[in-house]
Amino acid sequence: MSSPRFSVVIPTRARAATLRHALRTCVDQGFDDYEVIVSDNFSGPDTKAVVDELGSPRVRYVRTAEPAAMSASWEFAVGHARGEYVVLVGDDDGLLPHALEGLDRLARDTGARAIRWDAAYYTWPDVAMPGQGDYLRVPTGREVRERDGLEVVRAVAGFREFYTALPMLYNAAVHRDVLAALRARCGRVFPHPVPDVYSGFAVAACAGTFVSVAAPMGVSGQSGASNGIATLFNRGTNAIDAEFHALNARAGLRHETAVPDLPVYPHVPVADSFACAKRLLFPGDPAAVDRRALARACVAGARVPAREWPEARARVRVALADDPELVAWFDTELAGAPYRPPPP
């Protein structure tokens, strides 16, 4: 049996309601040479029922033997892909109808091993941020350009570009050879607790160059069960956040010591993912986090209650402890910063 051109991989955990719609977008494509893998992270029977209800011969269903950390779930899911290129779709995300046809054309025209796109963005009505539901943003660009992977890594690490400029598995089609190279170097594709942001740094560095297209190929969704909302905007107040951290701890997926472990979006997940990727994949490259910008962002935007503010501020200082000059700067500029309620 020949390998398909694309493997569309959907890792999912207990989100049958949104999975039904995400899966529908993946089989409603104007292109034929692909497979869809629904990888169930130990959900209840309603997840498989969604797959069975669709009844598509294109769709394969696999399931973990126990609840897995998000990164381990992604590893399991991508490990079942047989396609030349792998596209990962969240279970509250979707593909646009032209996506695979357009990606195939770009791959043939450019020979790129990674093709990254500007995603549309959608918040489901039940998103766990009051007043933020039912929002849709659709980019209208058409530009296609080749980018140097490490140049983009340096720009994102320095907070000069937003992390979605990276070819993450969430917003890119990645050739299986790139994923195989990452496994060979690190033992796995996703060795960090935040697999989406980490994958952007890893793929950019491993692929060398990638194609970036401004036209959207997919929709990035945020729903009531989104891990990012639970862990970065509502940390410590919900079961999704508690499970996310417990499963990461059980899997031995750790936070980098030079980055404050605080709910600060996007600076902390970007800096933490970058630090891991640099340590594992490109330790000799001059790319570096702008640590002063990171510290300022943590002091200005940590989403913690007032009672936790002194501890949060202390975590920022501890993360700078390897550099006495930075500690002195922090003590002068930020140590006395008052508590500010989290911004909307």
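Here, the structure is the one placed above.
1. Remarks on the overall build of the chain
So, step 1. Secondary structure assignment for the chain yields 13 helices and twelve strands.
So, step 2. Against the compact-globule benchmark of 20 Å for 344 residues, the chain has a radius of gyration of 20 Å, which places it among compact chains.
So, step 3. If one aligns the C-alpha atoms of the chain with their principal axes, the spans along those axes are about 65 × 40 × 40 Å.
So, step 4. Taking all 344 residues of the chain together, 51% fall into the buried category.
So, step 5. If you take every contact in the chain between residues at least 6 apart in sequence, the share linking residues at least 24 apart comes to 77%.
So, step 6. For the chain, the exposed surface amounts to about 15,100 Å²; the carbon and sulfur share of it is 52%.
So, step 7. Side chains of the chain carry 38 positive and 41 negative charges; the gap between the two charge centres is 2 Å.

2. Let's talk about helix H13 (residues 324–333)
So, step 1. Restricting attention to buried positions, one finds in H13 the residues Leu326, Val327, Trp329 and Phe330. Looking down the long axis of H13, one finds its buried residues gathered within 160° of arc, a one-sided arrangement. Those residues of H13 that are exposed and aimed more than 90 degrees away from the buried face are Pro324, Glu325 and Thr332.
So, step 2. Where the residues of H13 are buried, they touch helix H11 (291–301) and helix H12 (309–319).

3. So, the nonpolar core
So, step 1. Core analysis: the biggest nonpolar cluster contains 66 residues, and Val153, Leu166, Leu169, Phe201 and Phe274 have the highest contact counts within it.
So, step 2. With eight residues, the single largest contributor to this core is helix H7 (residues 195–207).
So, step 3. Among all residues touching Leu169, those that are not within four sequence positions of it are Trp74, Val86, Val87, Leu88, Val174, Leu179, Phe190, Ser199 and Val203.
So, step 4. Judged by nonpolar contacts, the second largest core, of 31 residues, contains Ile10, Leu19, Leu23 and Phe31.

4. Points about H12
So, step 1. By the burial criterion, the buried members of H12 are Trp309, Ala312, Val316 and Ala319. All buried residues of H12 project into a common sector of 90° when viewed along the axis, lining one side.
So, step 2. Buried positions along H12 lie against H11 and H13.

5. Side note on the pattern of salt bridges
So, step 1. According to the stated counting rule, one finds 23 salt bridges in the structure shown.
So, step 2. Because the salt bridges share partners, they merge into one network encompassing Arg5, Glu84, Asp104 and Arg108.

6. Some details on the pairing of strand E6 (residues 114–117)
So, step 1. Where burial is concerned, the two faces of E6 agree: the one with Ala114 and Arg116 and the one with Ile115 and Trp117 are both buried.
So, step 2. Relative to strand E10 (residues 172–175), E6 runs antiparallel, the two being bridged by three bridges. By the bridge assignment, Ala114 is partnered in E10 with Val174.

7. Focus: the sheet that holds E6
So, step 1. The strand order across the open sheet formed by eight strands is E3-E2-E1-E4-E10-E6-E11-E9, and the pairing between neighbours is mixed. Lying at the two open borders of the sheet, with one neighbouring strand each, are strand E3 (59–63) and strand E9 (144–148). This sheet shows a mean twist of 25° between the axes of neighbouring strands, independent of strand direction.
So, step 2. In terms of strand pairing, E9 meets strand E11 (residues 209–213) through five bridges, oriented antiparallel. Across the sheet, residue Arg145 finds its bridge partner in E11, namely Ser212.
So, step 3. The strands touched by helix H6 (residues 176–186) are strand E4 (85–88) and E10; relative to E10, the strand with the most contacts, the crossing angle is about 70°.

8. Section: the sheet that holds strand E5 (residues 94–95)
So, step 1. Pairing within the open sheet is mixed, and its four strands lie in the order E5-E12-E7-E8. Edge positions in the sheet fall to E5 and strand E8 (135–137), since each has one partner strand and no second.
So, step 2. Inspection of the sheet shows E5 paired to strand E12 (residues 218–222) by two bridges, in the antiparallel sense. Bridge assignment links Leu95 to a residue of E12, and that residue is Gly218.

9. What about the state of the cysteines?
As used in these notes, a disulfide is a covalent bond between sulfur atoms, one from each of two cysteines.
So, step 1. This structure, assessed with the given rule, holds zero disulfides.
So, step 2. Not part of a disulfide, Cys186 finds its nearest cysteine sulfur in Cys276, a span of 7.6 Å.
So, step 3. On the basis of relative accessible area, Cys186 is assigned to the partly exposed category, the value being 21%.
So, step 4. Not engaged in a disulfide, the cysteine Cys206 finds its nearest cysteine sulfur in Cys186; these two sulfurs lie 8.7 Å apart.

Conventions and cut-offs
- Every chain is numbered on its own, with residues counted from 1 as its sequence reads.
- For a predicted model such as this one, the threshold for reporting local features is a pLDDT of at least 70, and the threshold for listing and counting side-chain atom pairs is 80 or more; totals across whole chains, interfaces and linings nevertheless cover every residue.
- With hydrogens and water set aside, each side-chain value is computed from the structure's full complement of heavy atoms.
- For the purposes of this entry, the term helix denotes a DSSP run of H or I that reaches at least four residues, the term strand denotes a run of E that reaches at least two, and both are numbered from the N terminus.
- Two things to know: the radius of gyration comes from C-alpha atoms, and the globule rule equals 2.2 Å times the number of residues to the power 0.38.
- Any residue under 20% of the maximum accessible area for its type is buried, any over 50% is exposed, and the rest in between are partly exposed; the area is computed with a 1.4 Å probe on protein chains only.
- Any pair of residues with heavy atoms lying within 4.5 Å of one another is described as a contacting pair.
- Accessible areas in this description were obtained via Shrake-Rupley with a 1.4 Å probe; residue shielding takes into account the shown protein chains only.
- His residues and chain termini do not enter the charge count, which takes Lys and Arg as positive and Asp and Glu as negative.
- Lysine's charge is taken at NZ, arginine's at CZ, aspartate's at CG and glutamate's at CD.
- The arc in question is the one traced by the directions running from the helix axis out to the C-beta atoms.
- The nonpolar core is taken to be a set of buried Ala, Val, Leu, Ile, Met, Phe, Trp, Tyr and Cys residues, with the residues joined through side-chain atoms within 4.5 Å.
- Salt bridge criterion: a side-chain nitrogen from Lys or Arg within 4 Å of a carboxyl oxygen from Asp or Glu.
- Two strands are counted as paired when DSSP detects at least two bridges linking them.
- To obtain an axis, a line is fitted to C-alpha atoms, over the contacting stretch when the element is a helix, and the angle between two such axes runs from 0 to 180 degrees between their N-to-C directions.
- Two cysteine sulfurs form what is called a disulfide whenever their separation falls within 2.5 Å.

By themselves, these are just geometric observations and shouldn't be taken as functional.
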